Each structure stands twice: as C-alpha cells, then as structure tokens.
Amino acid sequence: MSDKILILGASGQIGTELTLKLREVYGNENVIASDIREGSEELVHSGPFEIINAMDRGRIVEVVEKYGVTQIYLMAAMLSATSEKMPSKAWDLNMQSLLIVLDLAKEKYIQRVYWPSSIAVFGATSPKVDTPQQTIMEPSTVYGISKIAGEHWCNYYHNKYGVDVRSLRYPGIISWKTKPGGGTTDYAVDIYFKAKEEGNYTCFLKEDTRLPMMFMEDAIDATIQLMQAEEDKIKVRTSYNLGAISFTPSEIAEEIKKHIPDFTISYAPDFRQEIADSWPQIIDDSNARLDWNWNHSFDLKTMTKEMLKNIQSENNEVVKVL
Ligand code: SER
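Residues numbered from 1 in each chain as written. Predicted model: local features only at pLDDT ≥ 70, side-chain atom pairs only at ≥ 80, totals over all residues. Heavy atoms only, no water.

> Tell me about the pattern of salt bridges, and name the residues and values.
This model, assessed by the stated rule, comprises 18 salt bridges. The shortest N-O distance in the salt bridge between R272 and D270 comes to 2.6 Å. Put simply, D285 and R289 hold a salt bridge, and the shortest N to O gap is 2.8 Å. Taking the relative accessible area as the measure of exposure, D285 reaches 7% and is therefore buried. Take R289: its relative accessible area is 26%, and that puts it in the partly exposed class. It is possible to trace a salt-bridge network through shared partners that takes in E50, R59, E62 and K66. (Salt bridge = Lys/Arg side-chain N within 4 Å of Asp/Glu carboxyl O. Buried < 20%, exposed > 50% of the residue type's maximum accessible area, 1.4 Å probe, protein only.)

> Requested: an account of the layout of surface pockets, with residues and values cited.
Vacant regions in the atomic arrangement are exposed by a probe of water-molecule size rolled over the atoms. One number sums up the size of the largest pocket: a volume of about 900 Å³. Forming the walls of the largest pocket are 41 residues, and the residues nearest its centre are M75, A76, A77, M78 and L79. Where the lining of the largest pocket is concerned, the elements lending two or more residues are α1 (13-26), α5 (87-106), β5 (112-118), α6 (142-161) and β7 (172-174). Of the residues that constitute the lining of the largest pocket, the class distribution is 21 nonpolar, 14 polar and six charged. (1 Å grid on protein atoms, 1.4 Å probe; cavity = no way out; pocket = protein on both sides within 12 Å on 5 of 7 lines; lining within 4 Å. Points joined across faces, edges and corners; volume = space filled by probe spheres on them. Helix = DSSP H or I, 4+ residues; strand = E, 2+ residues; numbered from the N terminus. Nonpolar A, V, L, I, M, F, W, Y, C, P; charged D, E, K, R; others polar.)

> For the sheet that holds β5, give the residues involved together with the corresponding values.
Taken together, the seven strands give an open sheet; going across it, the order is β3-β2-β1-β4-β5-β6-β11, and neighbouring strands pair in parallel fashion. The sheet is open, and its two borders are formed by β3 (49-51) and β11 (240-241), each paired with just one other strand. Alignment of strand β1 (residues 5-8) against strand β2 (residues 31-35), held across four bridges, turns out to be parallel. In the sheet register, L6 faces β2, and the bridge partner there is I32. Sitting on the sheet, helix α3 (residues 57-67) touches β1, β2, β3 and β4 (71-74), and the angle it makes with β3 is about 160°. (Pairing = 2+ DSSP bridges. Contact = heavy atoms within 4.5 Å. Axes fitted to C-alpha atoms, helices over the stretch in contact; angles between N-to-C directions.)

> Please give an account of the site of the ligand that cites residues and values.
Close to the ligand lie L79, S80, S118, Y143, G183, T184, T185 and W279. Between the ligand and S118 there is a distance of 2.7 Å, counted from an oxygen atom to a side-chain nitrogen or oxygen. Surface burial for the ligand is 94%, taken as the share of its 240 Å² of free accessible area covered by protein chains. One can see that the ligand is located within the largest pocket. Across the shell around the ligand, the residue classes break down as three nonpolar, five polar and no charged. (Near = heavy atom within 4 Å. Polar contact = N/O pair within 3.5 Å; in protein donor to acceptor, adjacent residues only side chain to side chain. Areas by Shrake-Rupley, 256 points an atom, 1.4 Å probe, with all protein chains shown as cover. Sits in = over half its atoms within 2 Å of the grid points.)

See the structure below:
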C-alpha cells in the first residue's frame, strides 16, 4: 500500500515547506495539508487541503478515513516565547494534539507518526557545548516542559504499544518562505528580512548569545530522511539531537554585512534572553549521524547567501504565522 500523509499544522513555518517537499516526493494527491487556518496559495492549491484543529480528534479521524491516511506529521505547536505568555494554552495544544495522534497510531488508524521536539528540552543544568543526546534535562520554559513530556510519551507509546513514532530535537530553523512566530530563535530569520527591507535590525538577544541553528532545507531533509529510514535503524524513540550550525547575533550580522555593507545592528534584549540563556550553544548529534546517516549541507555563509537571494525587499508574499 502506498503512503498517504497528513500534515497537521501545514500552514506554519516548517509545515509549509515540509508539505511542498513531501508533495514532490510522494505526489501531490498523497499529501494532505491541514491547519486551523488556510496557508499560502501554493500550499492550498498544490494538493488536498483540510481545515483541522489539531485538538479535535473526531475531525482528524474523519480526514484520516476520508483519504486512507497512513502517516501523520504533527507540526502544530506553540513556540517558546508565546508559550511563556499562555502556559495552559501551550500545554493543551502541545500535549493534547500529540496524545490524540499517538492514540490513533495505537488504535492502528495510522502506521507512522512524526512529532518535532526541540533544543528547549535542555535547561541551565545541561552541558552547553556539545550537549549530549542523554544528559541532565531540566527545562525551565513551558515550551520545554511540554516537549520533554511529549518525548517521554512518544517513547512510552513505542515501548508499550509498538507505535512507530519518530522525532527530532530541532534547533532554531531559518527560512524565507514562511516566517516563524513566537519563538526565541526567530531573530535569526527577522534579521535577514530587516537587513533587506530597512538596512538595520534591533536584536532581542545579546550580541554574544550562541544558539544551535539550521537552514530550513536541512531541517526538511532530516525530517524526511528520518521518516524513510528502516525501522531497525531508529534506536532513539524519545527524540534525536539534531545539529548543523551555531552562531551569535554578532556573527550573523557580520555575515550579512559581507552582502549589505551598510547594514547595522543594535541590541535590546528582552524576556527571551533568559530563555536563550537556558538552552545549549552547540548540540552533539552523533547518534543521528550514526543511526540514519544525518549530514547537514548549509553553513552560515551558504545559508546567508540563500536567504538574501530569496527575500524580495518589496512585494514580499511571506506569510507571518502566530
Ligand atoms: N525555535 C524554537 C523556539 O525558539 C525552539 O524550538 O521556540
């Protein structure tokens, strides 16, 4: 039987590009995009699109049955900064949606699940450099608490019910098609847009705040590679550390200046500084590299070139998400 894929949260930053790539790989009609609201023109018109609230089990089942869905990618979530402002809403969305999807796999509606975790599972007591796959994990954010709980639910459903659930701890993801919203790593996307549109940027993190980051194309490749890997290659059922590049606001600004010499940056750290300070600086992702051959392609230089090439200073059609 061929794969039929449903993406929940397809209009979001990662969901948009993941859907388009999956449609390329599996065929447009085999990849059903869904979100609580409509997404970009391209997303809605290149294949099936359904309005779904990821916390509505009945509606998810209806769509799963309608299309004969075999795999779900659950990309709907509230990110770190927004979650601090709405803790219980964040917990409800991030947890309820996961438990619904895991139950659907347990009940054999679907065969495979993808769920993203984050570097936010680590906290101030975790090693900051080359943060290992397994280490002290005491997250201090609402988002991090929901992600570490989610990871353990995934592991539990795998061990207890044989659910084939796979997960990655994404670093900050940088993209030009759809902007992120409500995250702590969002500055690394905003800076490119402001550089192109206004020539200056005020950063909400301090200049020397180093965080793990990744270009969207690498994140999508990692996700699809993990989901296509043979089952016996997947040794981690909580979530895999995933790394690519790490930089500070001043380093990304220097790279941008190579293309836009007049670009200026200033710093006005806000509450997100504390969140960033609790996260790792560089991730050790050797398990992913070993188990299913993960390898990133983009560094700060090639990513910057790609971002500035694709961002139009006028008539930008980029969709801004919550
Ligand atoms: N990019 C996310 C955030 O900043 C981390 O997973 O919230």
